[in-house]
Amino acid sequence: MNEQLQPLKKQPRAGKAGRSGTQDDIVYAHIFEAILEQRLAPGTKLSEEALGEIFGVSRTIIRRALSRLAHEGVVLLRPNRGAVVASPSVEEARQVFFARRMVEKAITELAVQHATAEQLAELRQMVSDERDSFSRGDRGAGIRLSGEFHLKLAEAAKNAPLISFQRSLVSQTSLIIAQYESGNRSHCSYDEHTQLIDAIEARDAKLAVDLMMHHMDHIDSKLNLDEESASDDLHAVFSHLLQSKKPGRAPAKL
């Protein structure tokens, strides 16, 4: 089997894994991004055989990537039944959002103390990219950038355990939104993100935390139990990779 795979083409950002790392790094990164962009529906069966075919790697590599995702709580590994994308219950969703609020508060307070001018500039660029994505109708990219904003903010807090915890919470939040968000698909996260950066830059911890909690309230207020818009078709989700394997195209490489 050809164990090489096409790397993600976008430039590296905070929170994205293994753009140029090992094969399982890149498989992990593609699946993680598909979850952040809500292209993979909660409950989707993650067939090792199908993923191996899509990515052109062995099942051992697929298992390693799925194990990492399971550690972050976004994939469930079921004995003798294979892996599935996690499908959080209502109670699990409430617990994730409670934990997310606590972590976001701590991250915001620390970011006010430690964020550098360079990190604030990177955050502003991410907000600009997020706004552009939604403006051109690329909702998936906009959602991913919104999540990556919070991962970059965690880096600015300079607390390694919080960064790791936040990565898991952000990806789980994306699954929850894909599963439970209401039909109102309007997004103003980029405006709220800009206000938050302004408060952090001003070193106003109280205002920054208040803005973050308002931002979390806004996300929470859009959830119900009805909406599901991602896909459970692995070949459809990763069709951009399969295109490169068609006759006449260069083979996909990792």
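Residues numbered from 1 in each chain as written. Predicted model: local features only at pLDDT ≥ 70, side-chain atom pairs only at ≥ 80, totals over all residues. Heavy atoms only, no water.

- Under an unreviewed UniProt entry, the name given to the protein chain is GntR family transcriptional regulator, and the organism recorded is Pseudomonas canavaninivorans.

Section: the nonpolar core
Link 1 in the chain: Counting 37 residues, the largest nonpolar core has Ile107, Leu153, Leu196 and Ile200 as the members making the most contacts within it.
Link 2 in the chain: If you list the elements that add at least two residues to this core, you get helix 4 (90–114), helix 5 (117–135), helix 6 (139–157), helix 7 (160–180), helix 8 (189–201) and helix 9 (205–221).
Link 3 in the chain: The biggest single contributor to this core is helix 4, with nine residues.
Link 4 in the chain: Other than its neighbours up to four places away in sequence, Ile200 contacts Ala111, Val112, Ala115, Leu120, Leu153 and Ala208. (Core = buried A, V, L, I, M, F, W, Y, C linked by side-chain atoms within 4.5 Å. Buried < 20%, exposed > 50% of the residue type's maximum accessible area, 1.4 Å probe, protein only. Helix = DSSP H or I, 4+ residues; strand = E, 2+ residues; numbered from the N terminus. Contact = heavy atoms within 4.5 Å.)

So, the sheet that holds strand 3 (residues 82–85)
Link 1 in the chain: The strand order across the open sheet built from three strands is 1-3-2, with neighbouring strands paired in antiparallel fashion. Strand pairing shows two members of the sheet lacking a second neighbour, strand 1 (45–46) and strand 2 (75–78), which therefore form its edges.
Link 2 in the chain: Where strand 1 lies against strand 3, two bridges are found, and the strand directions are antiparallel. Bridge pairing in strand 3 links Leu46 to Ala83.
Link 3 in the chain: Of the strands in this sheet, strand 1, strand 2 and strand 3 touch helix 3 (residues 59–71), which is tilted by about 115° from strand 2. (Pairing = 2+ DSSP bridges. Axes fitted to C-alpha atoms, helices over the stretch in contact; angles between N-to-C directions.)

Some thoughts on the side chain of Ser168
Link 1 in the chain: Its place among the elements puts Ser168 in helix 7.
Link 2 in the chain: According to the relative accessible area criterion, Ser168 is buried, its value standing at 11%.
Link 3 in the chain: A distance of 2.5 Å separates a polar atom in the side chain of Ser168 from the backbone oxygen of Glu72.
Link 4 in the chain: With sequence-adjacent residues up to four places away left out, Ser168 is seen in contact with Glu72 and Gly73. (Polar contact = N/O pair within 3.5 Å; in protein donor to acceptor, adjacent residues only side chain to side chain.)

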